[in-house]
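# Coordinate inspection notes
Residue-level listing of the chains:
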Amino acid sequence: MKNMTGAQYAASKYIQLPVKEAMPLMDFLMKEMSGISRNRVKDLLQGHGIMVDRKLVTQYDYLLSPGQTVLVSRHKRSTELLNKYVKIIYEDKDLIVIEKSEGILSMASAPGQYCVKTILDEYFRRRHFPCTAHVVHRLDRDTSGLMIYAKNLDIRKKFEEDWHNIVYDRRYVAVLCGEMTQEGGTVHSWLKDNKAYITYSSPTDNGGKEAITHYRRVATNGRYTLAEMRLETGRKNQIRVHMKDLGYPVAGDDKYGNGLNPLHRLALHAFRLYFYHPRTGEPMKFETNHPTSFTRLFDFTQNN
C-alpha cells in the first residue's frame, strides 16, 4: 500500500460506479448494487459514505448526470472513528478530511489538551497507521465544519507554501443577528489584533492583514438572517469581524456579537471545501448540509 498514489489508495477504499443516464441517487444505487436495501443506502448516506465526483452527498434524491462517478465506501464509516467531535469524510495516504463539531480546538493550545489532532493521532495509532495529524488550517473552537489534516510534513508544507492556489473555494454558513436588507456583497478590510488579542478592522491599510469576505443572503425571518460567506483570505476571526462590520454579527458570538444566542452555540459552520490534491492535482470537492439547527430556526419562525 505504501507505493500507491493518492488516487489508487482512495480507489481501494471505494467502489466506483460510472453514471450512464440521469436518475436519482437512490434509484441508481438500487440498480447498480443488486441486493442492497434502501435502509443500507440511507445508512451509507447518513454515515458520509457516498460521494459523487469526490463531493460528499447525503441526499437520497440527489439527481445524477451522465459522466459522473459515484463512490461508495467499502467500510462502515461509523466503525472507523466513533467520536462526538469528529467525523471522517475522506482519507487517503496523504491527508484526511474531517467534519469538526463545535466545542473543540483544532489543535492544542496547551500541553495535553484534548483537541482534534489528539483524536486523529489516537485513531491512526489504533489502526496502526505510521503517521500523525498535521494541521494545515484551523477553525475556531466554537465553529463547526470541514477541515483538512496532512498525514506527513511534505503534504503540510505543500499546503502552507501554495495555500491560495491549492484551496480554491471555502464557504461558510452563519446565522446573523438582524434582518439583512442587501442580497449580498463584499467586505474588504485590514485586520489587526490589539494588545488584548481582540481583532479589529480598518477600511485602510493599518499594518494588519488584508481580508476579503464575499457574502450572500439565503433567508431572513425578521430577526435573524441565514447567510453564506466565501473567503478569499483566511484571517483570524475574519467572518466574525466582517459580519460585525456590516452590522449583522454572528449569533452566539461572545466576542464580537450583540448577546443574542438563539442556538446556544456560535452559529458558524464551514460547509464547503474545494481544493486540488497537493500530490496528484486531482480536484477534491467536499460539502456538508447546512446544520439543521440553523435552518430550523428559519422554518420555525416562518411557520409561526
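Please refer to the structure higher up on the page.
These notes cover the structure that comes with them. Keep in mind that this is a model prediction, so the values were computed, not measured.

Helices and strands together make up the secondary structure of the protein, namely 9 helices and 17 strands. Here the C-alpha atoms of the protein give a radius of gyration of 20 Å, agreeing with the 19 Å that 2.2 N^0.38 yields for 304 residues. C-alpha atoms of the protein, sized along the principal axes, occupy 55 × 50 × 35 Å. Put simply, the protein has 304 residues, and 48% of those count as buried. Within the protein, contacts between residues at least 6 apart in sequence are counted, and of these 63% link residues at least 24 apart. When the accessible surface of the protein is totalled, it reaches about 15100 Å², and 48% of it is carbon and sulfur. Charge-centre separation for the protein: the mean point of 45 positive side chains lies 4 Å from the mean point of 34 negative side chains.

Turning our eyes to something else, we now look at the pairing of strand β11 (residues 167-177). Regular strands have side chains that alternate between both faces of the sheet. With respect to burial, β11 is a largely interior element, 9 of its 11 residues being buried. Where β11 meets strand β16 (residues 268-276), 7 bridges bridge the pair, whose relative direction is antiparallel. Residue pairing across strands places Y172 opposite A270, the latter belonging to β16.

Moving on, we come to the packing of aromatic side chains. Going through the model one piece at a time under the given rule, you end up with 11 aromatic pairs. A centroid spacing of 5.5 Å and a plane angle of 40° characterise the contact between Y90 and F286, whose relative ring orientation is tilted. Note that Y90 is positioned in strand β7 (residues 86-91) and F286 in strand β17 (residues 283-287), a separation of 196 residues in sequence. As far as burial versus exposure is concerned, Y90 and F286 are alike and both buried.

This part takes up the side chain of Q238. With respect to the secondary-structure elements, Q238 resides in helix α8 (residues 238-246). For Q238, the side chain forms a polar contact with the main-chain oxygen of I212, separated by 2.9 Å. A polar side-chain atom of Q238 sits 2.7 Å from a polar atom in the side chain of T213. Excluding residues within four positions of it along the chain, Q238 makes contact with L191, A211, I212, T213, L231 and T233.

Quick notes on the rules
- Residues numbered from 1 in each chain as written.
- Predicted model: local features only at pLDDT ≥ 70, side-chain atom pairs only at ≥ 80, totals over all residues.
- Heavy atoms only, no water.
- Helix = DSSP H or I, 4+ residues; strand = E, 2+ residues; numbered from the N terminus.
- Rg over C-alpha atoms; globule rule 2.2 N^0.38 Å.
- Buried < 20%, exposed > 50% of the residue type's maximum accessible area, 1.4 Å probe, protein only.
- Contact = heavy atoms within 4.5 Å.
- Areas by Shrake-Rupley, 256 points an atom, 1.4 Å probe, with all protein chains shown as cover.
- Lys, Arg positive; Asp, Glu negative; His and termini not counted.
- Charge placed at Lys NZ, Arg CZ, Asp CG, Glu CD.
- Pairing = 2+ DSSP bridges.
- Phe/Tyr/Trp six-rings, centres within 6.5 Å; stacked < 30°, edge-to-face > 60°.
- Polar contact = N/O pair within 3.5 Å; in protein donor to acceptor, adjacent residues only side chain to side chain.

It is worth stressing that arrangement in space is one thing and function is another; only the former is reported here.
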